[in-house]
Amino acid sequence: MTSDHLSAAVALAVANVQSGGGPFGAIVVTANGRVFEGTNLVTAENDPTAHAEVVAIRRACTALGTFDLTGATIYASCEPCPMCVAASLWARVDSVIYAADRHDAERAGFDDARFFDHFDGVRPAISITAAAVPDKLAPFTAWGAKSDRIDY
């Protein structure tokens, strides 16, 4: 099941690039199996906090009428930045599983190193692990091929 949700997050990210957004997708799966999707809306909404994980958390919480996602897992197309980790902690998410890592993102033009460096050595109170999916770089490949993308 993990690979299905993770592959779906990667597919969301690819589709988001094709519709003008950034190459990031995330899926919140609640403890009882409900699924909520999010894509990167930073440029679409001129909102630097509209990362895929945050959007998915917002949608899940709104639909469920709660701010507490205890027991949920986030499946993300890419390793979450520190802001997304913090949002996951605030939402009481149990774990995050991601496909591509921060170095893959950097090679695609998303250099978040200064944010990761700021928190270097901090171990968040949440499980954050990588998992293999064969298409993990597809969002960044689509992003690189898109001539009308809005870099940020």
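Residues numbered from 1 in each chain as written. Predicted model: local features only at pLDDT ≥ 70, side-chain atom pairs only at ≥ 80, totals over all residues. Heavy atoms only, no water.

An unreviewed UniProt entry annotates the protein chain as Nucleoside deaminase of Mycetocola manganoxydans.

(A) The arrangement of the sheet that holds strand β4 (residues 95-100) in detail. Here 5 strands make up an open sheet; going across it, the order is β2-β1-β3-β4-β5 and the pairing mixed. At either end of the open sheet lies a strand with only one pairing partner, and these are β2 (35-39) and β5 (127-130). The mean angle between the axes of side-by-side strands here comes to 20°, regardless of whether they run parallel or antiparallel. Sheet topology note: the strand β3 (residues 73-78)/β4 ladder contains 5 bridges and is parallel. When the bridges of β4 are listed, C78 appears paired with A100. The strands touched by helix α1 (residues 2-18) are β1 (25-29), β2, β3 and β4; relative to β1, the strand with the most contacts, the crossing angle is about 145°. Across the face of the sheet, helix α3 (residues 52-64) comes into contact with β1, β2 and β3 while running at roughly 140° to β2. (Pairing = 2+ DSSP bridges. Helix = DSSP H or I, 4+ residues; strand = E, 2+ residues; numbered from the N terminus. Axes fitted to C-alpha atoms, helices over the stretch in contact; angles between N-to-C directions. Contact = heavy atoms within 4.5 Å.)

(B) Structural context of the pattern of salt bridges. In the structure shown here, the tally under the stated rule is 6 salt bridges. A salt bridge links R58 to D47; the nearest nitrogen and oxygen atoms lie 3.7 Å apart. Residue R58 is found in helix α3, and its partner D47 is found in the loop between α2 (42-45) and α3; the two are separated by 11 residues along the sequence. According to the relative accessible area criterion, R58 is partly exposed, its value standing at 38%. A residue is classified by how much of its surface remains accessible, and D47, at 19% relative accessible area, is buried. The residue K146 makes a salt bridge to D148 at a minimum N-O spacing of 3.0 Å. Looking at D148, the relative accessible area reads 53%, which means it is exposed. Linked through salt bridges whose partners overlap, the residues forming this network are D104, R107 and K136. (Salt bridge = Lys/Arg side-chain N within 4 Å of Asp/Glu carboxyl O. Buried < 20%, exposed > 50% of the residue type's maximum accessible area, 1.4 Å probe, protein only.)

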